[in-house]
Amino acid sequence: MAFWKQAKADVDVEPVEIDTQEQYDELPSLPTPLSSTVIATGVTMSGTLRGEGVIQVEGIVEGEIDLKGAVIVTPTGHIKGPVAADTVHIAGCIMGDVMARDHMRLEKTGSLEGDVTTVSLVVEDGGHLNGRSNMLKGEKAPGAPANNLKFGSNYKGETPAES
């Protein structure tokens, strides 16, 4: 029975003082997060939305959206009117023209009945785009092909002139 019994050790523990205020003064400042708005399922909103931040549409918006930020249309979301934003993701339905200053993504469950103007456009297999697309020239994206490519000996196209 002596196996389970432990001898008590005499240990003196002194409390340590930590200056927590000094630690917090050294923290870097965090960026201000963009505000976020959700138009919930079952909600119908009419009018014009202007501002900056992120708007997630799960319900119905009847009117114009002009936003510095992102518009996300979920599979249950519907927008009837023009949309202008930095980024637009569509998994629901937009009936109106879209101006995406940076990027537009049409998910496989999404549909767009209108024209799109953007720098970068992705339409997933199954996404419906019924309109015209106008691609803007923007800054060269990372990974974009360079104009001064050099090809190996197995390239079957025209070979660039040797310098």
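Here the structure is shown first, and the text comes after it.
Residues numbered from 1 in each chain as written. Predicted model: local features only at pLDDT ≥ 70, side-chain atom pairs only at ≥ 80, totals over all residues. Heavy atoms only, no water.

**Some remarks on the overall build of the chain**
And step 1. Looking only at helices and strands, the chain has 1 helix and 14 strands in total.
And step 2. Going through the 163 residues of the chain one by one, you find that 26% of them count as buried.
And step 3. At a minimum sequence separation of 6, the contacts of the chain that also span at least 24 residues come to 2%. (Helix = DSSP H or I, 4+ residues; strand = E, 2+ residues; numbered from the N terminus. Buried < 20%, exposed > 50% of the residue type's maximum accessible area, 1.4 Å probe, protein only. Contact = heavy atoms within 4.5 Å.)

**Notes on the sheet that holds strand 13 (residues 128–130)**
Sheet strands associate in pairs through backbone hydrogen bonding, adopting either a parallel or an antiparallel arrangement.
And step 1. What the 6 strands build is an open sheet, ordered 2-4-6-8-10-13; its pairing is parallel. The sheet is open, and its two borders are formed by strand 2 (44–46) and strand 13, each paired with just one other strand. Strand-to-strand twist of the sheet, defined as the mean angle between neighbouring strand axes without regard to direction, takes the value 5°.
And step 2. Across 3 bridges, strand 2 lies against strand 4 (residues 60–62) in parallel orientation. For Thr44, the partnering residue across the bridge sits in strand 4 and is Ile60. (Pairing = 2+ DSSP bridges. Axes fitted to C-alpha atoms, helices over the stretch in contact; angles between N-to-C directions.)

**Thoughts on the pairing of strand 7 (residues 83–90)**
And step 1. Most of strand 7 is tucked away, with 6 of its 8 residues classed as buried.
And step 2. Across 6 bridges, the pairing between strand 5 (residues 65–73) and strand 7 is parallel. Note that in strand 7 the partner of Ile65 across the bridge is Val83.

**As for the pattern of salt bridges**
And step 1. Applying the stated criterion across every chain, the model contains 6 salt bridges.
And step 2. The salt bridge partner of Arg50 is Glu64, with a shortest N-O separation of 3.8 Å. Of this pair, Arg50 sits in strand 3 (residues 49–57) while Glu64 sits in the loop between strand 4 and strand 5, and the two are 14 residues apart along the sequence.
And step 3. The class of Glu64 is partly exposed, set by a relative accessible area of 29%.
And step 4. As a salt-bridge pair, Glu62 and Lys80 come within 4.0 Å of each other at their nearest N and O atoms. With Glu62 in strand 4 and Lys80 in strand 6 (residues 78–80), this pair connects stretches of sequence that are 18 residues apart.
And step 5. It is possible to trace a salt-bridge network through shared partners that takes in Arg105, Glu107 and Glu124. (Salt bridge = Lys/Arg side-chain N within 4 Å of Asp/Glu carboxyl O.)

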